[in-house]
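Coordinate inspection notes
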Amino acid sequence: MFNAALFEGRSVIRPEELVEMDTDVSSLLKTGEYAETVQKILDVVKKSARGVDFVILGLENQQHVHYGMPLRILLGDAFGYLKEYQETARKNKKEGRWDSKEEFLSGFRREDRLHPMVTICIYYGEDAWDGPQKLTDMLEIPEELRDVVNDYPMNLVQVRDSGHLRFQDPDVQTVFEVCRNIYRRDYEKLSEVYGDKEIDAELGVVIGTITESQGIVSQALESRGGRMNMCTALEELERRGMETGKILARYEDGMSPEEIARKMGLTVEQVEKILEENGMLTMA
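What comes next concerns the included structure. Worth saying up front: this structure is predicted, and the values here are computed from it rather than measured. Each chain carries its own residue numbering, running from 1 in the direction its sequence is written. Thresholds applied to this predicted model are a pLDDT of at least 70 for local features of residues and 80 or more for the giving and counting of side-chain atom pairs; totals over whole chains, interfaces and linings are not thresholded and use all residues. Only heavy atoms go into the side-chain values, all of them from the structure, while hydrogens and water stay out.

Some details on the packing of helix H6 (residues 201–210) against helix H7 (residues 214–222)
In helix packing, the relevant descriptors are the interaxial angle and the interaxial distance, both defined with respect to the helix axes. Simply put, an axis is a line fit to the C-alpha atoms, just over the touching stretch for a helix, and the angle between two N-to-C directions goes from 0 to 180 degrees. Working definition: helices are DSSP H or I runs of at least four residues, strands are E runs of at least two. Numbering for both runs from the N terminus. Viewed as axis vectors pointing N to C, H6 and H7 meet at an angle of 160°, and their least axial separation amounts to 8 Å. Relative to H7, H6 is oriented roughly antiparallel. Here the hand of the crossing between H6 and H7 comes out left-handed. On H7, the residues touching Ala 201, Gly 204, Val 205, Ile 207, Gly 208 and Thr 209 of H6 are Ile 216, Val 217, Ala 220 and Leu 221. Under this grouping Gly is polar, as are all residues other than the nonpolar Ala, Val, Leu, Ile, Met, Phe, Trp, Tyr, Cys and Pro and the charged Asp, Glu, Lys and Arg. Its residues assigned to classes, the contact of H6 with H7 shows 7 nonpolar, 3 polar and no charged. In these notes the angle categories are as follows: under 35 degrees is roughly parallel, over 145 is roughly antiparallel, 65 to 115 is roughly perpendicular, and the rest is oblique. Handedness of a crossing is defined here by the sense of rotation of the near helix relative to the far one, left-handed for an anticlockwise turn of less than a right angle and right-handed for a clockwise turn. Here a residue-residue contact requires only that any non-hydrogen atoms of the pair lie within 4.5 Å.

Put into C-alpha cells, the structure is as follows:
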C-alpha cells in the first residue's frame, strides 16, 4: 500500500523488514493544574527497519468522509512522536545519560532522534472525498497570515479513484480494481475480466465488505475458505443496479414507496432503504 501510494510501486518498503508495533499512542497532556488523557489508537501501525533508522507506518481506515481527518492524523502522528520522546527521556534518566544541563532539562540528548511517522488514510467510500486534505483546509485564515500558519497535509488514497496505483501484490490489485469498477457500475468490464475467473474467498469477503455487497460476501462465505467464481456475484450486482435504477425512476415519477414495492414485488422497507441510500428519502 505505501509503496504504491507514495513510491510509484517501487519496493522502498520491504515486507520482510516490517515488525509489529503497539497501536496505542495515548498521551497525558498537562497545562498548569489541568490534565487530560487524550487517546489515539491507529488502525494499523508497523515499524520498518531500514539500517539504523526506522520508519513508523500508520494506516487510517476510513469508510465515510471525515471532515476532521487532517487533524486526526496530525494528532496520531504527534502522539506517536510524543510517546517515543517520553520513552527516550525515561531511558536517558534511568541511565543518567546527560552531557549537559540542557540535555538533563529536556530529557533528550543532542544526538537523540525520533523515528519518522508516515500515515496514509485509505478512503473506501463510493462517493468522492469532499473533505479537507490538509490542516489549513480546516482553518479560517486571514490572507495576510496564510504564509505564517503551519500546515499538515495528509496522504489520501481513494479506492474509487485508484487506477493510477500499481500494486505488486496481485490480490491487492484485484481488490482495488474490482471495488473501483463496482462503484462505477461498470459490470461489463467486470464480467469481461472476472466473469470466469476464480479468486480466493477471503478476497471476496473483503470486496463485498468494502462495497457493501452482501451477495459477494454470502457467496464467499459459502466457499468455506476456498476459491469462488465471481460470475454469480457480478450478475447479482448488475441485477441490483438495474433494480435500483427502476426504483429511483418510479419515485421521481411520483410513485410512493408503497406503490413501488407492490409493482416490483419488494417490501416497503427494501424500497425505502434504496431511496434513503441514494439521498431521495429521509427516514424518520
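Now that the structure is up, let's keep going.
Thoughts on the pattern of salt bridges
Put simply, a salt bridge is a Lys or Arg side-chain nitrogen that is within 4 Å of an Asp or Glu carboxyl oxygen. Tallied over the entire structure, the rule returns 7 salt bridges. Linking Asp 137 and Lys 134 is a salt bridge whose minimum nitrogen-to-oxygen distance equals 3.1 Å. Per-residue accessibility, obtained with a 1.4 Å probe over protein chains only, is compared with the maximum for each type, and a residue is labelled buried under 20%, exposed over 50%, and partly exposed between these values. The class of Lys 134 is partly exposed, set by a relative accessible area of 31%. With a closest N to O distance of 2.6 Å, Arg 227 and Asp 200 form a salt bridge. One end of the pair, Arg 227, is in strand S9 (residues 227–229); the other, Asp 200, is in strand S8 (residues 198–200), with 27 residues separating them in the sequence.

What to know about the pairing of strand S6 (residues 117–123)
With 6 of its 7 residues buried, S6 lies for the most part within the structure. In short, DSSP must find at least two bridges between two strands for them to pair. Note that S6 and strand S7 (residues 155–158) share 4 bridges and pair parallel. By the bridge assignment, Ile 120 is partnered in S7 with Asn 155.

Points about the side chain of Glu 84
Within the secondary structure, Glu 84 is located in helix H2 (residues 69–95). In this structure Glu 84 comes out as buried when scored by relative accessible area, which is 12%. Sequence-distant contacts of Glu 84, that is, excluding residues within four places in its chain, are made with Ile 56, Arg 113, Leu 114 and His 115.

Remarks on the environment of Pro 15
Looking at the secondary structure, you find Pro 15 in the loop between helix H1 (2–6) and strand S1 (18–20). Expressed as a C-alpha distance, the spacing of Pro 15 and Ser 48, which sit 33 residues apart in the sequence, is 8.5 Å.

Some points on H2
The first and last C-alpha atoms of H2 sit 39 Å apart over 27 residues, in line with the 39 Å expected at 1.5 Å per residue. Met 69, Pro 70, Ile 73, Gly 76, Asp 77, Phe 79, Gly 80, Glu 84, Thr 88, Ala 89 and Asn 92 are the residues of H2 that are buried. Of the residues trailing H2, Gly 96 is marked for its positive phi of about 60°. Given a helix with a known number of residues, its expected span is that number minus one, times 1.5 Å.

Focus on the nonpolar core
Counting 31 residues, the largest nonpolar core has Val 159, Val 178, Leu 190, Ile 207 and Met 230 as its most contacted members. Residue assignment for this core shows that the elements contributing at least two residues are H1, strand S5 (53–62), S6, helix H4 (170–183), helix H5 (187–194), H6, H7 and helix H8 (230–252). Counting residues per element, this core draws most heavily on H4, which supplies 6 residues. In terms of nonpolar packing, the next biggest core, distinct from the first, is built from 9 residues, Ile 260, Ala 261, Val 271 and Leu 275 among them. Here, nonpolar core refers to any group of buried Ala, Val, Leu, Ile, Met, Phe, Trp, Tyr and Cys residues whose side-chain atoms link them within 4.5 Å.

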